[in-house]
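# What the coordinates show
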Amino acid sequence: MEFSVGVGLTNACDLACAHCYRDTARIDQLTLHQVTAVCDALPVRSINLGTGENGLHPDYDAIVAALAARGVKLSLTSNGFTLDQSSDDTLRKFREVELSIDFPSEAEQDAFRGPGNWRRVMAAIDRARRLGVTVTVLTVMMKPNYRRLSEIARIAFRAGANYRVNVYQPVKTDAFTLAYEEFWDGFRCLLAETRLVSTSEPILNAMLGAPFANGSGCGRQTVRVTPRGDIVPCVYWNRSDLRLDDLPHTGGDGVLESPQFVRVRQVPAACRGCVFVSTCQGGCAARRELAGGVEEPDPYCPLVRGKTVKLDWARADLRDLLKTGSACTSVFAPA
C-alpha cells in the first residue's frame, strides 16, 4: 500500500490567521535529507506540502526539485505567498496547488487574513492555471463563514478552480468551532447549490447513505510529518510516538501499528453496531480526540442523538485530486 504523505517543511508563515493550527511556539524546519528520507522509508503515493508557508524554507526550491526528480506526485497548500516565491519551473513541478479563501469578498478576506491577501490569492490562481497546474480553492468551514460557502464556491468555479472544504478543528481555540446545527446547515446550503465530487468527511458520507466507500484515510493510508520531525496520523493530531529517524526501522507497517495510529482507528463502542461503521468508523478521529477522546462518537453524528439529517444533493463526476480521501474533506463542482 502506498501512503499519501503530508510534509510541513516549516511552520513559518507570513500571516498569523486566528484559526490556524500550526505550532507558533518556535520555528522548526526539515532538511532536504529528512524529506527525501521519507521517500526512502515509505511507499509514497503523493506528497502535499502544507502546515506553514513552504516558500519561507531556504531550501524550498531544491526540495521540490528533488521530490519531482523521484517522480513523486506533488501538491501544495498555500495562502498565496509560496506561489509568489516560486519560479515558473518550480511551480510546474506541482501537479496541484491549493489556495485558501475563507470569505467571498476582498474586504472580508483581507480583514481576516491580512491586507492584500485576496489579490495575492487571485493572482496565484490565474498564474498556476496559465502554467497548466490544477488549482483548488480550499475553505475551512467555521462559525464565521459556514453560511457563505456557496458564495466562495462560485468564486472558485468562475476562476476555473476546484472547490474543497475542511471542517474547522479546535486545535488551539474553540472560538471557530461549529455547533451541531451549524455543521449541518453549512453542508445543507452548500450541497443545494453545488454538486458533490467526493467526501471523506465520515458523518456527511453516512448521512448521504455512504455513497463513497473508501472513507477517511487518516491513520490508514496517510502519514503526516511535522516541521519538528514528528510522525502523526493526522495534521490535527498533537501526539506522536515516532520521529523521522524511526522510519527506516519501522517502515509503513510499523507506522500503522504505532500506538497513535492504532488510536486513530479506534471505533467507539456506541458506533460498532451502526450500519455505516465500515465507512464512517465512528466519525473524524481528530475531532473526537479534540472533543474529549476517540472513545466517544463524533459530536456531529445525528444517529447517536436519535436523529437523522435529510440532505438534497447531486453527484458530480469524480476528479482525481491528490487530497481526496487523504483527510476528512469534501470536494465540490458546479451544479
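What you see is a predicted model; the values in this text were computed from it and never measured.

### Side note on the pattern of salt bridges
Here the structure, examined in full by the defined rule, presents 27 salt bridges. A salt bridge links Arg 120 to Asp 84; its shortest N-O distance comes to 2.7 Å. A residue pair is termed long-range when its members are at least 10 positions apart, and Arg 120 in helix H6 (residues 117-130) and Asp 84 in helix H3 (residues 81-85) qualify at 36 residues. Among the residues examined, Asp 84 registers a relative accessible area of 43% and is labelled partly exposed. Among the salt bridges present, the one from Glu 193 reaches Arg 154, with a minimum N-O distance of 2.7 Å. Here Glu 193, found in helix H8 (residues 180-193), pairs with Arg 154, found in helix H7 (residues 149-158); they are 39 residues apart in sequence, far enough to count as distant.

### Overview of the nonpolar core
The biggest cluster of nonpolar side chains holds 77 residues, and the ones touching the most others in it are Ile 47, Val 97, Tyr 163 and Trp 184. The contact partners of Tyr 163, leaving out residues within four places of it in the chain, are Thr 136, Val 137, Thr 139, Leu 149, Ile 152, Ala 153, Ala 156, Phe 157, Leu 190, Ser 330, Val 331 and Phe 332. Counting residues in each nonpolar core, the second largest holds 11 residues, with Val 232, Tyr 236, Cys 284 and Ala 286 among its members.

### Topic: the side chain of Gln 169
In this structure, Gln 169 sits in the loop between strand S6 (162-167) and H8. Taking the relative accessible area as the measure of exposure, Gln 169 reaches 5% and is therefore buried. For Gln 169, the residues in contact, after removing those within four places along its chain, are Tyr 236, Cys 284, Ala 286, Arg 287 and Leu 290.

Cut-offs and rules
Residues numbered from 1 in each chain as written. Predicted model: local features only at pLDDT ≥ 70, side-chain atom pairs only at ≥ 80, totals over all residues. Heavy atoms only, no water. Salt bridge = Lys/Arg side-chain N within 4 Å of Asp/Glu carboxyl O. Helix = DSSP H or I, 4+ residues; strand = E, 2+ residues; numbered from the N terminus. Buried < 20%, exposed > 50% of the residue type's maximum accessible area, 1.4 Å probe, protein only. Core = buried A, V, L, I, M, F, W, Y, C linked by side-chain atoms within 4.5 Å. Contact = heavy atoms within 4.5 Å.

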